Amino acid sequence: MSLSAILLFLHLLAAAFWVGGMALMHFAVRPAAVATLEPPMRLPFLAATLSRFFAGVSTAIVVLLASGLLMVWMSGGFGRVHWSVHAMLTIGLVMMALFLHIRFAPYPRLQRAVAAREWPVAAANLNVLRKLVAVNLALGVLVFALAVVGRAL
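A brief structural summary. (Residues numbered from 1 in each chain as written. Predicted model: local features only at pLDDT ≥ 70, side-chain atom pairs only at ≥ 80, totals over all residues. Heavy atoms only, no water.)

A word on the overall build of the chain
Check the secondary structure of the chain and you find five helices and zero strands. Walking the chain from its N terminus toward its C terminus, one meets helices and strands in the order α-α-α-α-α. In the chain, buried positions account for 40% of the 153 residues. The long-range fraction of contacts in the chain, counting pairs at least 24 apart against all pairs at least 6 apart in sequence, stands at 78%. Accessible area of the chain: about 8600 Å², with a carbon and sulfur share of 73%. (Helix = DSSP H or I, 4+ residues; strand = E, 2+ residues; numbered from the N terminus. Buried < 20%, exposed > 50% of the residue type's maximum accessible area, 1.4 Å probe, protein only. Contact = heavy atoms within 4.5 Å. Areas by Shrake-Rupley, 256 points an atom, 1.4 Å probe, with all protein chains shown as cover.)

Here it is in structure tokens:
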């Protein structure tokens, strides 16, 4: 197996983990928790779930950046790659910045509110987080679309 194939596999695996994880959280885990758990159980559960997911996303971001930049370098640099690669990198950087905002602004507020058992404050922060994740999920789907059809455009 060639280095480029390994890099592409790692890149796709990290992207699938991040975007797929956001979809799972947004469309399955959170709605199921809302439907079955009262706030004193739901909010700590979701905060703990997000803690584990965010650790994985942090690793995925490192893998995405390293593998993506190595693939660009192996292709001869940014001057030699298709415009869709530039678009994917740009959107990916926006996604990473949004993740950092989520991770270091509303998420710590959610954790503090859960620890203090301030359920309305925790719920409000979780709602902010949900909306930001929805934006990042849409951006992630756009990156996947660019990866699949970008060269044909």
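Some thoughts on the side chain of N125
As for its placement among the helices and strands, N125 is situated in helix α5 (residues 119–149). Filtering out sequence-adjacent residues up to four positions away, N125 remains in contact with P106, R109 and L110.

Side note on the side chain of H82
Topologically, H82 is positioned in the loop between α2 (39–74) and α3 (83–104). A distance of 2.9 Å separates polar atoms of two side chains, one belonging to H82 and the other to S84. Setting aside its immediate chain neighbours within four residues, H82 contacts G150, R151 and L153. (Polar contact = N/O pair within 3.5 Å; in protein donor to acceptor, adjacent residues only side chain to side chain.)

Structural notes on the packing of helix α4 (residues 106–115) against α5
Relative placement of two packed helices is described by the angle separating their axes and the distance separating the axes. Running from N to C, α4 and α5 cross one another at 155 degrees; their axes reach a closest spacing of 8 Å. One way to sum up the angle between α4 and α5 is to call them roughly antiparallel. Regarding α4 and α5, the two cross each other, and that crossing is left-handed. In this structure, α4 contributes P106, Y107, R109, L110, A113 and V114 to the contact, and α5 contributes W119, V121, A122, N125, L126, V128, L129 and L132. Its residues assigned to classes, the contact of α4 with α5 shows 12 nonpolar, one polar and one charged. (Axes fitted to C-alpha atoms, helices over the stretch in contact; angles between N-to-C directions. Parallel < 35°, antiparallel > 145°, perpendicular 65-115°, else oblique. Left-handed = near helix turned anticlockwise from the far one by under 90°. Nonpolar A, V, L, I, M, F, W, Y, C, P; charged D, E, K, R; others polar.)

A closer look at the packing of aromatic side chains
Taken as a whole, this structure holds five aromatic pairs when the rule is applied. Taken together, a centroid distance of 5.7 Å and an interplanar angle of 40 degrees make the contact between F17 and F53 tilted. With F17 in helix α1 (residues 3–36) and F53 in helix α2, the pair connects residues that are 36 residues apart, well separated along the chain. What makes F53 buried here is its relative accessible area of 12%. Here F54 and Y107 contribute two aromatic rings whose centre-to-centre distance is 5.0 Å and whose plane-to-plane angle is 80 degrees, an arrangement assigned as edge-to-face. Of this pair, F54 sits in helix α2 while Y107 sits in helix α4, placing them 53 residues apart in sequence. Clustering of aromatic rings is evident, with ring pairs tying together F17, W18, F53, F54, F99 and Y107. Above the face of the F104 ring, R103 is positioned so that its terminal group lies 5.1 Å from the ring centre. (Phe/Tyr/Trp six-rings, centres within 6.5 Å; stacked < 30°, edge-to-face > 60°. Lys NZ or Arg CZ within 6 Å of the ring centre and 35° of its normal.)

Notes on α3
Over its 22 residues, α3 extends 32 Å from the first C-alpha to the last, a length consistent with the 32 Å expected when each residue adds 1.5 Å. Among the residues of α3, S84, V85, A87, I91, G92, M95, M96, L98, F99 and I102 are the ones counted as buried. (Expected span 1.5 Å × (residues − 1).)

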